[in-house]
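What the coordinates show
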Amino acid sequence: MEWWKDAIIYQIYPRSFQDSNGDGIGDIPGIISRLDHLQELGVGAVWLSPVYKSPNADNGYDISDYREINPEYGTMEDMEQLIAEAKSRGIRVIMDLVINHTSTDHYWFRSSRDRTSPYADYYYWARGGANGELPNNWTGFFGEDCWEFDPERCEYYLHLFARSQADLNYHNPAVLEEVKDILRFWLEKGVAGFRCDVINLLWKDSLESSKKRLALTGLEHYLSLEGTHGILRQLREVLDEYNAFTVGETVFVTPEMARDLCGRDRGELDMVFSFQHMECDQYFIKWFKRKFRPQVFFDCLVKWQKELDWNAVYLENHDQPRSIPRFGSKAYWKESGKLLATLLLTVRGTPFLYQGQEIGMMDFDFTRLRQLNDVESKNVDKVLRRYHIPRKLRWKIIARSSRDNARTPFQWDGGPKAGFTGGRPWLGINSNCAEINLAAQEEDPDSIWNWYKDLSALRREHTVLRQGSFVPLETGRQVFAYRRELAGESMTVALNFSGQNAQTACRGTLVRSNYPRNGFDGTLRPWEAVILA
Ligand code: TEU
Ligand code: CA
């Protein structure tokens, strides 16, 4: 059995986890000081969002040196110490691998501006039209054009994300060799694997214009193409030398595409992050929100459970708003937080838990754009302004979907700086930290934190919760129920995604409920989660 089928993986957004030196920025020594917290939670691995050298246009997803630690996060010695100290607690370290693009500060890019340099073809360079037209009509992920003119080279370069994130050109085999070396560098240091950023976009088949779309015109020229599969198989050869693990972040992936990316016989990735269940409250892209429909969500989860034998499961990450206000209920904060925990830790697959989720952290309480840091939110504001959308509406659209919702500092205690820093935090701390914080929840046996710890232990105790098959039972308007089965043992989970009582046909001996009760008769209280044997 692969270790990652037994583990819970915890995502750390280093900037917001724990500051150790009072500069207001989370760092690696801060992470080391909190390893006991992760051990208590029973996690088998941590995935670190990027800690490489970066000018932070996109908080580390714009890398300027893959072999250096960004000084604000610490030193290479700190990183080595983190790997060692985590290991001594049975925790593996997974790095974020961002290889679709580099920062325009990377020396590859700087050299690439010179057409005679060995790096000249490391990126997608193209000429525009005679009348100042861009090389093609593609549009980027962050709401801006995806071409930028470089006065030195007198050509445009492609950037699917921010202007300072230039896409690497994998038609040039030297680029892949560079990436392999980077993999070896980190695997030699003892990291267990990689979370591969937008990995299904690597290969662009041509730079031709496409049919105009509402968003992301050009997508069909780079979404999960054969060229990408070839690259992944070559990377796998390096990864296999170290028995390393990979999870791909794969935007717009369908189950069919996912099977080609992480099927056991493919020799590519081990699992992928699907986005489909995160799209149940939106029209096409996240800026067009609609009411969350639980049944659509359940059906989507069931579809993925059926179509893939194994995959990553998640409800939060650093790009998504928090899960309780989104899929749960503010009024039933504690109950719905525990219900979502139950879902995450009892469906089949490897659960990924995002920092703060284990204490039920909520979306930010900012009231104006000025308080945000996210490059995506700022770009989208510019676009909306271009369409003369009034300020109030712009803010409403951005506040609901901004990635900064999940990026506010971790709330360790109820103090004014939440135990995150002694200085001025890089991003505002949620004022609810007086009520929602780890210290308070440690004291309270009935807290979300203790529920996570308890379920994590339950999962370790019962093989059926990790390895058992998934049998869907009910996907109604309120109730999601399923059974896990393994060699005669079985466990049933029933979840009420509503603020009203609900009926389920599930019966059995009560193992857990997020309400105090002795037995179970089929009536679920508001946002109740039960596990039955
Ligand atoms: O995200 C890729 C991605 O397509 C989206 O999640 C995106 O961030 C946005 O929410 C679309 O509306 C990955 C990283 O997770 C993200 O933090 C980076 O900004 C992005 O790639 C570029 O590296
Ligand atoms: Ca710091």
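Rules and cut-offs
- Residues numbered from 1 in each chain as written.
- Chains lettered and ligands numbered in written order.
- Predicted model: local features only at pLDDT ≥ 70, side-chain atom pairs only at ≥ 80, totals over all residues.
- Heavy atoms only, no water.
- pLDDT = per-residue confidence, 0-100.
- Helix = DSSP H or I, 4+ residues; strand = E, 2+ residues; numbered from the N terminus.
- Pairing = 2+ DSSP bridges.
- Axes fitted to C-alpha atoms, helices over the stretch in contact; angles between N-to-C directions.
- Contact = heavy atoms within 4.5 Å.
- Parallel < 35°, antiparallel > 145°, perpendicular 65-115°, else oblique.
- Left-handed = near helix turned anticlockwise from the far one by under 90°.
- Nonpolar A, V, L, I, M, F, W, Y, C, P; charged D, E, K, R; others polar.
- Polar contact = N/O pair within 3.5 Å; in protein donor to acceptor, adjacent residues only side chain to side chain.
- Salt bridge = Lys/Arg side-chain N within 4 Å of Asp/Glu carboxyl O.
- Buried < 20%, exposed > 50% of the residue type's maximum accessible area, 1.4 Å probe, protein only.
- Donors = N, O, S within 2.8 Å, 3.2 Å for Na, K, Ca; no water.

On to the confidence of the model for the chain, then. Put simply, the chain has an average pLDDT of 97, and 100% of its residues get 70 or more. Across the chain, the element-wise mean pLDDT spans from 88 in strand β15 (residues 285–289) up to 99 in strand β1 (residues 9–12).

Taken in spatial order, the five strands line up as β18-β19-β20-β24-β22 in an open sheet, and their pairing is antiparallel. On the outer flanks of this sheet lie β18 (469–475) and β22 (510–513), each paired with one strand and no other. Each neighbouring strand pair of the sheet contributes to a mean axis angle of 15°, computed without reference to strand direction. Note that strand β19 (residues 479–486) and strand β20 (residues 489–496) share eight bridges and pair antiparallel. Within the sheet, the bridge partner assigned to Ala 481 lies in β20 and is Ala 494. Packing against the sheet, helix α8 (residues 294–307) makes contact with β18 and β19, and its axis sits at approximately 160° to β18. Across the face of the sheet, helix α14 (residues 448–461) comes into contact with β22 and β24 (529–532) while running at roughly 150° to β22.

What follows is about the packing of helix α7 (residues 255–262) against α8. Packing of α7 against α8 brings their axes to within 10 Å, and their N-to-C directions diverge by 40°. It follows that α7 is oblique to α8 by the angle criterion. Crossing of α7 against α8: the hand is right-handed. Only Lys 303, Trp 304 and Glu 307 of α8 make contact with α7, whose side of the interface consists of Pro 255, Glu 256, Ala 258 and Arg 259. For the contact of α7 with α8, the class distribution of residues is three nonpolar, no polar and four charged.

The next subject is the side chain of Asp 150. Within the element layout of this structure, Asp 150 appears in strand β8 (residues 147–150). A polar side-chain atom of Asp 150 sits 2.9 Å from the main-chain amide nitrogen of Arg 153. Excluding residues that lie within four positions of it along the chain, Asp 150 makes contacts with Arg 113, Trp 125, Glu 155 and Tyr 157.

Throughout the structure, instances matching the rule amount to 47 salt bridges. Close ionic contact of Arg 115 with Glu 155 constitutes a salt bridge, the shortest N to O distance being 3.9 Å. One end of the pair, Arg 115, is in the loop between α4 (107–112) and β7 (125–126); the other, Glu 155, is in strand β9 (residues 155–158), with 40 residues separating them in the sequence. In this structure, the salt-bridge partner of Asp 446 is Lys 334, at a minimum N-O distance of 3.5 Å. With Asp 446 in the loop between α13 (438–443) and α14 and Lys 334 in helix α10 (residues 333–346), this pair connects stretches of sequence that are 112 residues apart. Judged by its relative accessible area of 43%, Asp 446 is partly exposed.

Think of it this way: four donors in a tetrahedron around the metal ideally sit 109.5 degrees apart, and six in an octahedron ideally sit 90 or 180 degrees apart. Of the protein atoms, only Asp 19 (OD), Asn 21 (OD1), Asp 23 (OD), Ile 25 (O) and Asp 27 (OD) coordinate the calcium ion (ligand 2), at distances of 2.3 Å. For Asp 27, a relative accessible area of 3% gives the class buried.

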